[in-house]
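Architecture and fold: a report
Each chain, written out:
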Amino acid sequence: MIGSLMMCVGVVVLLFGMLAGIAMGIQHDFTLGPAHAHLNLVGGVLLFLFGFYYRLVPAAGTMLLARIQGWLHIVGGILFPAGVAGVLLRGPAFEAAPIVGSLMVVVAMALFTVVVFRTSRA
Ligand code: HEM
């Protein structure tokens, strides 16, 4: 089920994001702070929350729209912060990645809005 997958990916992303935060602190180098923040919040917390809704409301979790939304957010939620990190470390040559990643998560958010409106009374 897509909800379970999203929750599992979400906790792994958060674990990685927290370890990256500790690494930043140890090195006293906060260059990747924005990438860390977006990975944890968009890639981790949001993904987990969406997945939790799908588990809580099975009528939502079994929709085809939910599967499309989930995969879009999984890929976009990782590509976006990875792209932010690329731009911060290597410059504008990497700009396409955060642009595509952020558009993916915005589309995923729009799909999730439709899912919630269709199933909030389920
Ligand atoms: C073990 C856990 C974590 C550690 C050690 C950690 C560490 C850090 C460090 C070192 C910074 C940079 C601070 C600076 O720029 O002065 C930072 C920024 C930030 N972190 Fe974390 N973090 C952790 C977990 C999280 C989680 C779970 C979230 C969100 C769900 C989060 C969200 C943020 C945000 C929003 C910023 C600000 C980024 C910015 O100003 O560009 N962090 N964190």
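Our subject is the structure that appears above.
Here is what the cut-offs are and how they apply
Residues numbered from 1 in each chain as written. Predicted model: local features only at pLDDT ≥ 70, side-chain atom pairs only at ≥ 80, totals over all residues. Heavy atoms only, no water. Donors = N, O, S within 2.8 Å, 3.2 Å for Na, K, Ca; no water. Helix = DSSP H or I, 4+ residues; strand = E, 2+ residues; numbered from the N terminus. Near = heavy atom within 4 Å. Polar contact = N/O pair within 3.5 Å; in protein donor to acceptor, adjacent residues only side chain to side chain. Nonpolar A, V, L, I, M, F, W, Y, C, P; charged D, E, K, R; others polar. Axes fitted to C-alpha atoms, helices over the stretch in contact; angles between N-to-C directions. Parallel < 35°, antiparallel > 145°, perpendicular 65-115°, else oblique. Contact = heavy atoms within 4.5 Å. Core = buried A, V, L, I, M, F, W, Y, C linked by side-chain atoms within 4.5 Å. Buried < 20%, exposed > 50% of the residue type's maximum accessible area, 1.4 Å probe, protein only. Expected span 1.5 Å × (residues − 1). Bend = angle between axes of the 7 residues up to and from the residue.

**Considering the coordination of the iron atom of the ligand**
Among all protein atoms, only H36 (NE2) binds the iron atom of the ligand, sitting 2.0 Å from it. Tracing the chain through its elements places H36 in helix α2 (residues 33-56).

**Examining the site of the ligand**
Around the ligand, the neighbouring residues are M18, G21, I22, M24, F30, G33, P34, H36, A37, N40, L41 and V45. In this structure, H36 approaches the ligand through a side-chain N or O atom, which is 2.8 Å from a nitrogen atom. N40 is positioned with one of its side-chain polar atoms (N or O) 3.4 Å from a nitrogen atom of the ligand. Elements that contribute at least two residues to the shell around the ligand include exactly α1 (2-27) and α2. The element contributing the most residues to the shell around the ligand is α2, with seven residues. Partitioned by chemical class, the residues of the shell around the ligand number eight nonpolar, four polar and no charged.

**Some words on the packing of α2 against helix α4 (residues 64-90)**
Describing two packed helices takes the angle between their axes plus the distance from one axis to the other. Two numbers describe how α2 lies on α4: the axes approach to 8 Å, and their chain directions differ by 170°. The angle between the axes of α2 and α4 places the two elements in the roughly antiparallel class. Across the interface between the two elements, P34, A35, H38, L39, V42, G43, L46, L47, F50 and Y54 from α2 touch A66, Q69, G70, H73, I74, G77, F80, P81, V84, A85 and L88 from α4. When grouped by side-chain class, the residues that make up the contact of α2 with α4 number 15 nonpolar, six polar and no charged.

**Some words on the nonpolar core**
Counting 13 residues, the largest nonpolar core has M6, Y53, Y54, A60 and V115 as the members making the most contacts within it. Every element with two or more residues in this core is listed here: α1, α2, α4 and α5 (96-119). For this core, the element with the highest residue contribution is α2, accounting for four residues. In this structure Y53 touches A60, F112, V115, V116, T119 and S120, once residues within four positions along its chain are discounted.

**Observations regarding α2**
In this model, α2 (24 residues) spans 33 Å end to end at C-alpha, consistent with the 34 Å of a helix rising 1.5 Å per residue. Along α2, the helix axis deviates most sharply at L46, where the bend reaches about 25°. Listed in full, the buried residues belonging to α2 are G33, A35, L39, N40, V42, G43, G44, L47, F50, G51, Y53 and Y54. The inward-facing, buried residues of α2 abut α1, α3 (58-61), α4 and α5.

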